[in-house]
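Observations on the model geometry
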Amino acid sequence: MLPTLGYSVLFIIGAIVVKLVVSKIRFTKKYKLPNVVPGWPFIGNSLDVPYPAGMWGVDMAKKYGEMFTVNIGGRRLVYLNSSRVVTDLLEKRAAIYSSRPFRPMLSDIMSGGARIVFMGYTDRWRNQRKIMHSILNGKQAEAKFVPFQDLEAKQLVLDMYKEPENFHKASQRFSNSVILSVIFGRRAKKDDELLKFILGYTQTLGEYQFNPIKSPADVFTWLSNIPTSLQWWRPFGERFFRKHVAMFQKEYDALLDKMNKGTAKPCFAVDVLRGTAKKEFEIDDIEKIYTWTSLIEAGSDTSRVAVLQMMAGAACYPEWAKKARALLDEVCGADANRLPTLADRSNLPYITAVMKETLRWRPFLQSGVPHTLMRDDEYEGYKFPAGTEFSWNAYSIALNEKEYSNPLKFEPERFMNDDLHKTAKGHWSFGAGRRVCVGLNVGANNIWIAAACILYCFDIEQDLDYPIDQFNTLWEEPLKAPFKVKITPRSKAHIDLIEREGATAAAADY
Ligand code: HEM
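Fair warning: this is a prediction, and the values are worked out from it, not measured in the lab.

**A closer look at the site of the ligand**
Near the ligand you find 28 residues, and of these Arg100, Trp125, Arg129, His371 and Cys437 are the closest. Between Ala432 and the ligand, the recorded distance is 3.1 Å, taken from a backbone N or O atom to an oxygen atom. For the shell around the ligand, the residue count by class is 18 nonpolar, 7 polar and 3 charged.

In structure tokens form, the structure reads like this:
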């Protein structure tokens, strides 16, 4: 009996090995991927990619050149390390390079299949994207956002003045409040419950991204076919989903209550609930919740981090901040006459360059976001199978001197050119092709007004006892300040201005 069982097991193992070898030979005959990085059997390079991956990406690009391929548990991910190849593939061939990897845990279990950022290139994605586009872009949308951005920036400088050590919290509240006002018609409070909840779960989503231990089915996707009772990761994912829906349901119910009492402010959610929004918005409640939630999380986290990076840039390279200050003084007065507003954009092109350089200097998504190829493709002698993933290697492009002169330096002058007002041109921080950030105009204005008000009001300096690590800082650190910095008001007149305009902003209660 035993020898027979032993032979059977040996036979099965042998058959699997032969199958693997045959499919590998077939694959190698048919396809050719660029610079395949050696990995371990079965798990490939799953354990090699650190988080954050920025400086790892820089080193790998130096070693392998314009493209290299890693294997994450059988999924092939090609890193694109130059603007040339990102443009050729993700931009020019966007029609077939715009899907997303299949993520049974993150997308389906944890997000009910309704979170746009994880969706494939499907009709559902197109519809949600259309909805978001209509909320975020165009002249009418801008007219809705700008008053909130101006108001929240005033409170931002007040919060930084009162509690400079909590500058990260001030930035969190600022960006979150802008998008909350547009979506739910309410401001974010200090230590807002929803904001804390978002910061907590975005960190969890980050930790679960392609983590073979926490989220094995996203790495070894075939695991999603085993019986659900054996999927040990599933109960956590389902709990995460239920908690998420319950939290946003609370917002939804609070808004319904305000609508019944006649106290609801005009906002996007009210339009949807009253049925006055467009036809695309006829979607089920889970999808409504995820449309709002995606806007609130993507709209908060990215801008809050960018504002902190702008401050790190000012502390590390003070000469550009001095120049920006002088230009702001010409427009708003050297004696602290008034805070800048977004209406000043046409008179302050240098601040627009500061906004673009903030995005270029240290991209928020350090090694990009994978786009999935939808059918087989060929490029410069390589043959890619459908399903291959491609990511722009953001840090490696941003810090490469073939792409930018003096790339380590924060130097807004590099953007003072004819493309200044093309927000996404000259850097890849908003992504590429058809998946490019749908909120880029809102994000750009958030950074613009925050930078203008902060640079006008404060001296931002390094704390020499704690120099800023420009390369390995985890900028998106959710619970504490990612670096130390000294924030000092410029003068008594500036303090008066901050208190005066900040107090009016803080009093706006809705
Ligand atoms: C500094 C600000 C921002 C940065 C750096 C940023 C960056 C990005 C990046 C890199 C992507 C992925 C692009 C790709 O896959 O090619 C993305 C997608 C997205 N962003 Fe932003 N973003 C910012 C602000 C915003 C804002 C303010 C909103 C909304 C209010 C927003 C909403 C979204 C959404 C919904 C997606 C998913 C789009 C899709 O998958 O089709 N973002 N963003």
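**Description of a nonpolar patch on the surface**
Together, Val9, Ile13, Val17, Val21 and Ile25 give the surface a local cluster of nonpolar side chains, amounting to about 410 Å² of exposed area. Position of Ile13 among the secondary structure elements: in helix α1 (residues 2-30). Using a relative accessible area of 47% as the deciding quantity, one classes Ile13 as partly exposed.

**Observations regarding the pairing of strand β6 (residues 389-392)**
The alternating pattern of β6 places Glu389 and Ser391 on one face and Phe390 and Trp392 on the opposite face, and all of these are buried. Sheet topology places strand β2 (residues 75-80) next to β6; 4 bridges connect them, and they run parallel. Bridged to Leu80 within β6 is Trp392. Looking at chain direction, strand β3 (residues 371-372) and β6 are connected through 2 bridges and run antiparallel. Looking at the pairing, Thr372 lines up with Glu389 of β6.

**Brief notes about the environment of Phe384**
Take Phe384: it is sitting in strand β5 (residues 382-384). Taking the C-alpha atoms as reference points, Phe384 and Arg76, separated by 308 residues in sequence, lie 9.6 Å from one another. In contact with Phe384, other than residues within four places in its own chain, are Tyr31, Lys32, Leu33, Pro34, Leu89, Tyr97, Leu373, Asp376, Asp377, Tyr379 and Phe390.

**Focus: the environment of Pro101**
Looking at where Pro101 falls in the secondary structure, it is placed in the loop between α3 (83-91) and α4 (104-109). Counting along the chain gives 345 residues from Pro101 to Asn446, while the straight-line C-alpha distance between them is 30 Å.

What counts as what
Residues numbered from 1 in each chain as written. Predicted model: local features only at pLDDT ≥ 70, side-chain atom pairs only at ≥ 80, totals over all residues. Heavy atoms only, no water. Near = heavy atom within 4 Å. Polar contact = N/O pair within 3.5 Å; in protein donor to acceptor, adjacent residues only side chain to side chain. Nonpolar A, V, L, I, M, F, W, Y, C, P; charged D, E, K, R; others polar. Patch = residues over 30% accessible without salt bridge, like charges linked within 9 Å, V, L, I, M, F, W, Y side chains within 5 Å. Areas by Shrake-Rupley, 256 points an atom, 1.4 Å probe, with all protein chains shown as cover. Salt bridge = Lys/Arg side-chain N within 4 Å of Asp/Glu carboxyl O. Helix = DSSP H or I, 4+ residues; strand = E, 2+ residues; numbered from the N terminus. Buried < 20%, exposed > 50% of the residue type's maximum accessible area, 1.4 Å probe, protein only. Pairing = 2+ DSSP bridges. Contact = heavy atoms within 4.5 Å.

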